[in-house]
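# Breakdown of the fold
What follows is each chain in one-letter form.
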Amino acid sequence: MSSAAEKSSHASAMNPAIVTASNGVSRPSNPVAKFMEDWLVAPKLLYFGLNIVIYSTHAFLFQYLEETWKISKAEFSLTNFVQFTNIAGAFFFSRLADRTGKYRLIVAGCVAAYCCCMCLLLFPVFTAPEQRYFKLAYYLTINAVCFFFTAGTFPLLDSMVMSKLSSNPNLSKEMFGR
C-alpha cells in the first residue's frame, strides 16, 4: 500500500465521517461536509465576509468622520492619497508569507490589525478647531496603516485558496468560480 493510501485509511479509521475512495482520496461521507468541500463554501464565505467588512467600512467612513470628527470632504479626499500604502503592504505581506509559510496567521493578523486601527477612529481626538492639523495627521496615519494591512489579506487569501485547489485531486482551479 502506498503512503498516501495508508494516510487516507488511517484518516478514515480515525474519523468515521471520512470515506476513502478506491484511488486513495479521502472524501467526507456527511452530505453537508461533501457539499461544503465540493462547492468550496468556506473560502467563498471568507471572501464575502472580508469584502463586507472592508468595503462597508469604507463606504460609510466619510459620513462618520464628517459627523464625529468634523472632517470636510476636501480633507477626507486629501488624506485618502495614502492608498499607495496598498502597494507596500501587498509586497511586504506576500514576501513575508512566502518566506515563513504562515499564510493563515498573516491573514488573521492583517484583519485583526485593520479592525484595531478602525476602532481607533471610534474615539475622536483633537476635536478643538486649533488642533485641525493634528487631527488630520492622526487620521492620515490610521488610514495609511489600515490600507497597508488591507493589502495583505486578499493576495494571501488567493494564494491559500489556489494551493488548496491544487492539493486536492477532486478540485481544480476552474471549479472555484462556479
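Residues numbered from 1 in each chain as written. Predicted model: local features only at pLDDT ≥ 70, side-chain atom pairs only at ≥ 80, totals over all residues. Heavy atoms only, no water.

### Section: the overall build of the chain
For clarity, the threshold we go by: Secondary structure is summarised from DSSP: a helix means a run of H or I of at least four residues, a strand means a run of E of at least two, and numbering begins at the N terminus for each. A contact between two residues is defined here by any heavy atoms of the two lying within 4.5 Å. Each accessible area is a Shrake-Rupley result for a 1.4 Å probe, and residues are judged covered by the shown protein chains and nothing else.
When you go through the chain residue by residue, the secondary structure sums to seven helices and two strands. Order of helices (α) and strands (β) in the chain, N terminus to C terminus: α-β-β-α-α-α-α-α-α. Sequence-distant contacts in the chain: of pairs separated by 6 or more residues, those separated by 24 or more amount to 66%. When the accessible surface of the chain is summed, it comes to about 11000 Å², and 68% of that surface belongs to carbon and sulfur atoms.

### So, unusual backbone geometry
A positive phi angle is found at K70, which is not glycine, with a value near 60°. Mapped onto the elements, K70 comes out in the loop between α3 (41-69) and α4 (73-79).

### Looking at helix α5 (residues 85-100)
Heads up, the rule is: For a helix, the expected span equals 1.5 Å multiplied by the residue count minus one.
Over its 16 residues, α5 runs 22 Å from end to end, which matches the ideal 22 Å to within 8%, given 1.5 Å per residue. Packing partners of the buried residues in α5 comprise α6 (103-120) and α7 (132-167). A positive phi of about 80° marks G101, the residue just after α5.

### Things to note about the nonpolar core
Using the following cut-off: By convention a nonpolar core is built from buried Ala, Val, Leu, Ile, Met, Phe, Trp, Tyr and Cys residues, the set being connected through side-chain atoms within 4.5 Å. Summary of the burial criterion: residues with accessible area below 20% of their type's maximum are buried, those above 50% are exposed, and those between are partly exposed, where the area comes from a 1.4 Å probe applied to protein chains only.
Membership of the largest hydrophobic core comes to 29 residues, with the highest contact counts inside it found for L61, L65, F76, L121 and Y139. Contributing elements (two or more residues each) for this core: α3, α5, α6 and α7. Top element by residues in this core is α7. It accounts for nine residues. Not counting residues within four places of it along the chain, the set of residues in contact with F76 comprises L61, F62, L65, I71 and Y139.

### Details of the pattern of salt bridges
To be explicit about the condition: Only one rule defines a salt bridge in this text: a Lys or Arg side-chain nitrogen within 4 Å of an Asp or Glu carboxyl oxygen.
Going through the model one piece at a time under the given rule, you end up with one salt bridge. Here E75 makes a salt bridge to R132, at a shortest N to O gap of 2.5 Å. Taken together, the residues span a long stretch of sequence, with E75 in helix α4 and R132 in helix α7 at a distance of 57 residues. Note on R132: relative accessible area 37%, which makes it partly exposed.

### Some thoughts on the confidence of the model for the chain
Where we set the bar: Note: pLDDT gives the predictor's confidence per residue, expressed from 0 to 100.
Put simply, the chain has an average pLDDT of 81, and 81% of its residues get 70 or more. The secondary structure element of the chain with the lowest average pLDDT is helix α1 (residues 3-14), at 47, and the one with the highest is α5, at 94.

### A closer look at the side chain of T153
Test applied: Any N or O atom pair separated by 3.5 Å or less is treated as a polar contact, with the protein-specific requirement of one donor-capable and one acceptor-capable atom, and with residues adjacent in sequence counted only for side-chain atom pairs.
Tracing the chain through its elements places T153 in helix α7. Look at T153 and you get buried, because its relative accessible area is 2%. At 2.8 Å, the side chain of T153 forms a polar contact with the backbone oxygen of T150. When sequence neighbours within four positions are dropped, the list of residues in contact with T153 reads L50, I54, V107, C110 and V111.

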